Amino acid sequence: MSYPEIRPRRLRRTAAVRRLVSETRVDPAELVVPMFVREGLTEPRPISSLPGVLQHSRDSLRKAAAEAVQAGVGGIMLFGVPAQRDERGSGGLDPAGILNVAIRDVVGEVGDATVVMSDLCLDEFTSHGHCGLLTPDGAVDNDATLAAYAEMAVAQANAGVGVVGPSGMMDGQVGVVRRALDAAGHSDVAVLAYAAKYASAFYGPFREAVESALEGDRRTYQQDPANLRESLREVELDVAEGADMVMVKPALPYLDVVAAVRAAVNVPVAAYQVSGEYAMVEAAAANGWIDRERVMLETLTSIRRAGAQVILTYWAVEAATLLRQLP
Ligand code: PBG
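To keep things clear, this report deals only with the structure shown in the data block.

Cut-offs used in this document
- Residues numbered from 1 in each chain as written.
- Predicted model: local features only at pLDDT ≥ 70, side-chain atom pairs only at ≥ 80, totals over all residues.
- Heavy atoms only, no water.
- Phe/Tyr/Trp six-rings, centres within 6.5 Å; stacked < 30°, edge-to-face > 60°.
- Helix = DSSP H or I, 4+ residues; strand = E, 2+ residues; numbered from the N terminus.
- Buried < 20%, exposed > 50% of the residue type's maximum accessible area, 1.4 Å probe, protein only.
- Lys NZ or Arg CZ within 6 Å of the ring centre and 35° of its normal.
- Axes fitted to C-alpha atoms, helices over the stretch in contact; angles between N-to-C directions.
- Parallel < 35°, antiparallel > 145°, perpendicular 65-115°, else oblique.
- Left-handed = near helix turned anticlockwise from the far one by under 90°.
- Contact = heavy atoms within 4.5 Å.
- Nonpolar A, V, L, I, M, F, W, Y, C, P; charged D, E, K, R; others polar.
- 1 Å grid on protein atoms, 1.4 Å probe; cavity = no way out; pocket = protein on both sides within 12 Å on 5 of 7 lines; lining within 4 Å.
- Points joined across faces, edges and corners; volume = space filled by probe spheres on them.
- Core = buried A, V, L, I, M, F, W, Y, C linked by side-chain atoms within 4.5 Å.

**A few points about the packing of aromatic side chains**
Each aromatic ring pair is characterised by the separation of its centres together with the angle its planes make. Applying the stated rule across the entire model yields nine aromatic pairs. Judged by centre distance (4.2 Å) and plane angle (20 degrees), the ring pair of Tyr198 and Tyr254 falls under stacked. Remark: Tyr254 occurs in the loop between strand S8 (245-249) and helix H8 (255-264) and Tyr198 occurs in the loop between strand S7 (190-197) and helix H6 (204-209); sequence separation between them is 56 residues. Each member of the pair, Tyr198 as well as Tyr254, carries the same accessibility label: buried. Pairing Tyr278 with Tyr314 gives two aromatic rings, centres 5.8 Å apart and planes at 65 degrees, and the pair type is edge-to-face. Residue Tyr278 is found in helix H9 (residues 275-286), and its partner Tyr314 is found in the loop between strand S10 (310-312) and helix H11 (316-325); the two are separated by 36 residues along the sequence. A residue is classified by how much of its surface remains accessible, and Tyr278, at 3% relative accessible area, is buried. Pairwise contacts between aromatic rings join Phe36, Phe79, Tyr194, Phe206, Tyr272, Tyr278, Tyr314 and Trp315 into one cluster. Over the ring of Tyr272 we find Lys249; its NZ or CZ atom is 4.9 Å from the centre of that ring.

Next comes the structure, spelled out in structure tokens:
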């Protein structure tokens, strides 16, 4: 009988040695919490498909933002839910629209203690639920939408946002937004480009969160889940157009994309652990089928290991708190 001399298990024996050789750590400073604020609410309202996530009132949003800062999260990504929608999504461009008002509120509350970001997309504001303006025959009109994004970006920057997140997957959106910001004197506002965003069924619970009216799908502008090289092309374009950071979305089903993007560019790479990823874990945990906290941290560690430096996750505040308590 011969026994092995090389024993990897030596480095797994105690928590202390495992900690010593751990290759990946999730730092609260790299977590970004998405938050929803709904126009007209006086009390926060739960979202049934996202247990633990709320549609905030303006007041509860401010408090939640302050708590997120206390927990040490790196950023807050704001989404607005208007009381009224129209064909053109004008509530998103209006300085008095809910998202722009919420940006002012949150920036007023937290200042520069965390990075305040905003979703730059029309789908929350359009009556048809698409991310852009429609042609008379119902197609999403790329270039007309770009003009709206430019105006929306400036409105968000005027409200004080630090980072805009164009998420509509229109061709040329990053360049148009960058130029509009610069022309309006907002060259210090950064662009987090949703560069590789897939037409994913994992966004299901988000539709409830923003009360989206979308019928049909977004396959004419978001990416086919079958494609990886297409993501590299999208990322390359966005970096050339001036993206300060690029994002892959969703996260866990697309870790190969995260890794490939990480290898391809030198700007920070973000990944968005989307509503359906969160909801699946919460649902399984509620049934007692998995250990909720361990799965939460395992998914975040895996996304980090694949190469995402920044992670958007609905668990950000809780995970940040947990991570600070770990030995
Ligand atoms: C677009 C946007 C969406 C999400 C983030 N930004 C919805 C979509 O593209 O259909 C989804 C996030 C999630 O599912 O958690 N405004």
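We are not done yet, so read on.
**So, the packing of helix H2 (residues 58-71) against helix H3 (residues 98-110)**
Describing two packed helices takes the angle between their axes plus the distance from one axis to the other. Remark: H2 packs on H3, axes separated minimally by 9 Å, with the N-to-C direction vectors making an angle of 45 degrees. Relative to H3, the element H2 lies oblique. H2 and H3 meet at a crossing whose hand is right-handed. Residues Arg58, Leu61, Arg62, Ala65, Ala66 and Val69 of H2 pack against Ile98, Val101, Ala102, Asp105, Val106, Glu109 and Val110 of H3. When its residues are assigned to classes, the contact of H2 with H3 shows nine nonpolar, no polar and four charged.

**Here we look at empty space enclosed by the protein**
Applying the stated criterion across every chain, the model contains one cavity of 30 Å³ or more. In this structure, the largest cavity occupies an estimated 140 Å³ of space. For the largest cavity, the lining is made up of 19 residues, of which Asp123, Lys197, Tyr203, Phe206 and Lys249 are closest to its centre. Within the residue set of the lining of the largest cavity, elements represented by two or more residues are S7 and H6. A breakdown of the residues in the lining of the largest cavity according to their chemical character gives nine nonpolar, three polar and seven charged.

**Brief notes about H8**
Looking only at H8, the buried set comprises Leu255, Val257, Val258, Ala260 and Val261. The elements touched by buried residues of H8 are S7, helix H7 (229-240), S8, strand S9 (269-272) and helix H10 (292-306).

**A short note on the packing of H7 against H8**
At a closest axis distance of 10 Å, the pairing of H7 and H8 adopts a crossing angle of 40 degrees. Here H7 is positioned oblique relative to H8, judged by the angle of their axes. In terms of crossing hand, the pair formed by H7 and H8 is right-handed. Residues Ser231, Leu232 and Val235 of H7 touch H8, and the partners they reach there are Val257, Ala260, Val261 and Ala264. The class makeup of the residues in the contact of H7 with H8 is six nonpolar, one polar and no charged.

**Considering the nonpolar core**
Ranked by size, the top nonpolar core spans 106 residues in total, and within it Phe36, Leu78 and Val246 carry the most contacts. Looking at this core, the element that brings in the most residues is helix H4 (residues 142-158), giving eight residues. Those residues within four positions of Phe36 in sequence are excluded, and the remaining contacts are Ile47, Leu50, Val53, Leu54, Gln55, His56, Phe79, Phe206, Ala209, Val210 and Tyr314.

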